[in-house]
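# Report on the structure
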Amino acid sequence: MLEVVIINEQDRIEVDAALGDLVTRAAAFAYEEEVKTGRELPPEAEVSITFVDDSQIQTLNKQYRDIDQATDVLSFAMLEGESFPGSEEMTLPLGDIVN
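Residues numbered from 1 in each chain as written. Predicted model: local features only at pLDDT ≥ 70, side-chain atom pairs only at ≥ 80, totals over all residues. Heavy atoms only, no water.

Note that an α-helix has 3.6 residues per turn; residues three or four places apart therefore point the same way. With twelve residues, helix H2 (residues 54-65) ought to run about 16 Å at 1.5 Å a step, and its terminal C-alpha atoms sit 15 Å apart, in line with that. Capping the start of H2 is the job of one residue whose side-chain oxygen sits 3.2 Å from the backbone nitrogen of Ser55: Asp53. (Helix = DSSP H or I, 4+ residues; strand = E, 2+ residues; numbered from the N terminus. Expected span 1.5 Å × (residues − 1). Polar contact = N/O pair within 3.5 Å; in protein donor to acceptor, adjacent residues only side chain to side chain.)

Written out as structure tokens, the structure is:
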């Protein structure tokens, strides 16, 4: 099962329950599609999705990619290309998505 943590650090759009539900369902769908491909994912996982403004995402883009402009989405994988360690009882963080 995928746990989705939604963080709102902007005030341009309202991140209400309906949007939170849509984002959670989209993330869960993507997770299940990855499982269907045969990719081994932990049975208990977490992803955080943070909504930010253009200034914040530009700062992050400059810091992590050395590109000094805003972008639509940044993603940060916790374990890129590695197998997932730990027991099946642990909830493992997959990474962060900033948009």
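The next subject is the pattern of salt bridges. Using the criterion set out here, one finds three salt bridges in the structure. The closest approach of N and O atoms between Arg25 and Asp21, which form a salt bridge, is 3.6 Å. Of this pair, Arg25 and Asp21 both sit in helix H1 (residues 17-36), four residues apart, which is roughly one turn of that helix. Residues Lys62 and Asp66 are paired through a salt bridge, measuring 2.9 Å at the closest nitrogen-oxygen approach. In this structure Asp66 comes out as exposed when scored by relative accessible area, which is 57%. (Salt bridge = Lys/Arg side-chain N within 4 Å of Asp/Glu carboxyl O. Buried < 20%, exposed > 50% of the residue type's maximum accessible area, 1.4 Å probe, protein only.)

As for its placement among the helices and strands, Gln10 is situated in the loop between strand S1 (2-8) and H1. One polar contact links the side chain of Gln10 to the main-chain amide nitrogen of Arg12, over a distance of 2.7 Å. Within the local environment of Gln10, its side chain forms a polar contact with the backbone oxygen of Ile13, the two atoms lying 2.9 Å apart.

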